Amino acid sequence: MQKELFEFERPGYYGPYGGAFVPEILKTTIDELTSAFEKAHADPTFWQQYIEVMQTYSCRPTPISYLENLSNQLGGARIYCKREDLNHTGAHKANNVMGQGLLVKRMGKSRVIAETGAGQHGVATATMAARMGLECTIYMGAVDVERQRPNVFWMEQLGAEVIAVTDGTATLKDAINEAMRDWAASMETTHYVMGTVCGPHPFPQMVSYFQSLIGKESYQQMQKMTGCLPNHIYACVGGGSNATGMFLAFLDEGNVELIGVEAGGKGIETGQHACRMKGGKLGVAQGYKTYFLQDQEGQMLETHSVAAGLDYIGVGPILSYLYDQKRIRFESATDEEVVEAAKMLIRQEGIIPALESSHAFAAAIREAPQMKKEKIILINLSGRGDKDIFNIAEAIGDEKWELFLKQKVQNL
Ligand SMILES: *Cc1c(COP(=O)(O)O)cnc(C)c1O
């Protein structure tokens, strides 16, 4: 059976994880959202409308590619990948924002807000707002605004107001606080577009629902292409939306191993990483209960990853539960392994992967050579890597690129 929703006895809880820990003032709007989502979910025309938008606006269904060169080079399992990089705006994030946009229209609201770190979710949300005729405000740490100029430029061109938050460390968590303040003051007209399967209920359930399209398509495509289901499926895990979206459809298939790959950063022993499952502790923050990277006193720790999209202290409550149940195996890949994996995919297959997605590739590349040739691996290629040109060029140490940058700066 293909799952699209992960339901449990206590709504919004997955074992001990999840819940909706929100300030009293937000409770009505969270309840309103929950009921709007439940109604939309029960209405088959809503899903139909969603599929139609995704087909005509975001190239769905995205194909699955057989990576023949990479498979041959590694000499083990046959490797396939799901091409979420071919979505409009370049990643699986489109699935989520378009779904929430349709829900906003149903609720009759006129404005959306979101926070963004690297800017990918901000660009996706601004794109959706332009397409759906909604007002849009994006909160971003002032440090990130400087680091991510190109994304800020596009958000503004798309009609969004980008607010640089200077509080605290002026990064993602401060932007989240500011966005929450806005929501509390504007909830009658405004919807908060959560970027991943985290935050208070109903967000983890709702975002999983929209992202479940990835696994549903893959289930059928793999059967058609190979006559069976994959033996191992790999996906990178930031907040967990691309992984949850891929895994849900295969949960009840006991022979399909599911592997989530977190950011190993500079190595777990250095403390500079984002491995919540291996290094985190149960806690409540940002509206929900899950594994967070925190110290003895419960203070949130700094995280690090070469991939901005995986650089986050929490992880989706559904994944925490499935980890406890041993349904998902968690691995990590270091920044160095990830850049090597990206280079390999670029040279062997002509595909430029996002550094986030390259985590899934790094783990699969490590394990594939030990597998028998008839085994099948499916990797979720969550997004394309054009956006990572600065990081990849720096990691590779490309001299011509550095010269080009220097000349640009001198001409400013
Ligand atoms: C944002 C992002 C991620 C991380 O988010 P999840 O919610 O864990 O999927 C992964 N890959 C890409 C390409 C992204 O843009």
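Here the structure is a predicted model, which means the values were calculated and not measured.

Chemist: Please clarify how the overall build of the protein should be interpreted in this entry.
Modeler: Counting its secondary structure elements, the protein contains 16 helices and 14 strands. A compact globule built from 412 residues should have a C-alpha radius of gyration of about 22 Å, and the protein, at 20 Å, falls within 12% of that. Projected onto the principal axes, the alpha-carbon positions of the protein cover approximately 60 × 55 × 50 Å. The buried share of the protein, reckoned over its 412 residues, is 59%. In the protein, once contacts between residues fewer than 6 apart in sequence are set aside, the share between residues at least 24 apart is 73%. Charge centroids of the protein, computed over 39 positive and 49 negative side chains, lie 4 Å from each other.

Chemist: Looking at this model, I keep getting lost on the domain arrangement of the protein. Mind explaining?
Modeler: Reports often express the size of an interface as the amount of accessible area lost when the parts come together. By the assigned domains, the protein splits into domain 1 (13–55 + 93–203) and domain 2 (61–90 + 212–399). When each unit is reduced to the centre of its C-alpha atoms, the spacing between domain 1 and domain 2 is 23 Å. Facing 27 residues of domain 1, the contacting portion of domain 2 comprises 30 residues. The interface formed by domain 1 and domain 2 contains seven residue pairs in polar contact (both at pLDDT 80 or more). Mapped by element, the contributors of at least two residues to the side of domain 1 that touches domain 2 are β2 (17–18), α2 (44–57), α4 (93–107), α5 (120–132) and α8 (172–186). Examining the composition of the side of domain 1 that touches domain 2, we find that four residues originate from one element, α2, more than from any other. The residue inventory of the side of domain 1 that touches domain 2, partitioned by class, reads 17 nonpolar, nine polar and one charged.

Chemist: How should the packing of helix α1 (residues 24–42) against α4 be read in this particular structure?
Modeler: The relative placement of two packed helices comes down to the angle between their axes together with the axis-to-axis distance. Interaxial distance between α1 and α4 falls to 10 Å at its minimum, and their mutual angle equals 105 degrees. As the angle between them shows, α1 and α4 are arranged roughly perpendicular. Seen from α1, the contacting residues are L33, A36, F37, K39 and A40; seen from α4, they are L103, R106 and M107. Of the residues assigned to the contact of α1 with α4, the class counts are six nonpolar, no polar and two charged.

Chemist: Got a minute to help me understand the packing of aromatic side chains in this structure?
Modeler: Each pair of aromatic rings is reported with the distance of its centres and the angle of its planes. The full count for this structure, using the stated rule, is 18 aromatic pairs. Arranged with centres 5.4 Å apart and planes meeting at 35 degrees, the rings of Y219 and F250 form a pair that is tilted. Of this pair, Y219 sits in helix α9 (residues 203–226) while F250 sits in the loop between α10 (241–247) and β10 (257–265), and the two are 31 residues apart along the sequence. The burial state of Y219 is the same as that of F250; both residues are buried. Here a set of aromatic residues connected by ring pairs shows up, and it is made of F37, F46, W47, Y50, Y209 and F210.

Each value, and the rule that gives it
Residues numbered from 1 in each chain as written. Predicted model: local features only at pLDDT ≥ 70, side-chain atom pairs only at ≥ 80, totals over all residues. Heavy atoms only, no water. Helix = DSSP H or I, 4+ residues; strand = E, 2+ residues; numbered from the N terminus. Rg over C-alpha atoms; globule rule 2.2 N^0.38 Å. Buried < 20%, exposed > 50% of the residue type's maximum accessible area, 1.4 Å probe, protein only. Contact = heavy atoms within 4.5 Å. Lys, Arg positive; Asp, Glu negative; His and termini not counted. Charge placed at Lys NZ, Arg CZ, Asp CG, Glu CD. Domains from an automatic or database assignment. Polar contact = N/O pair within 3.5 Å; in protein donor to acceptor, adjacent residues only side chain to side chain. Nonpolar A, V, L, I, M, F, W, Y, C, P; charged D, E, K, R; others polar. Axes fitted to C-alpha atoms, helices over the stretch in contact; angles between N-to-C directions. Parallel < 35°, antiparallel > 145°, perpendicular 65-115°, else oblique. Phe/Tyr/Trp six-rings, centres within 6.5 Å; stacked < 30°, edge-to-face > 60°.

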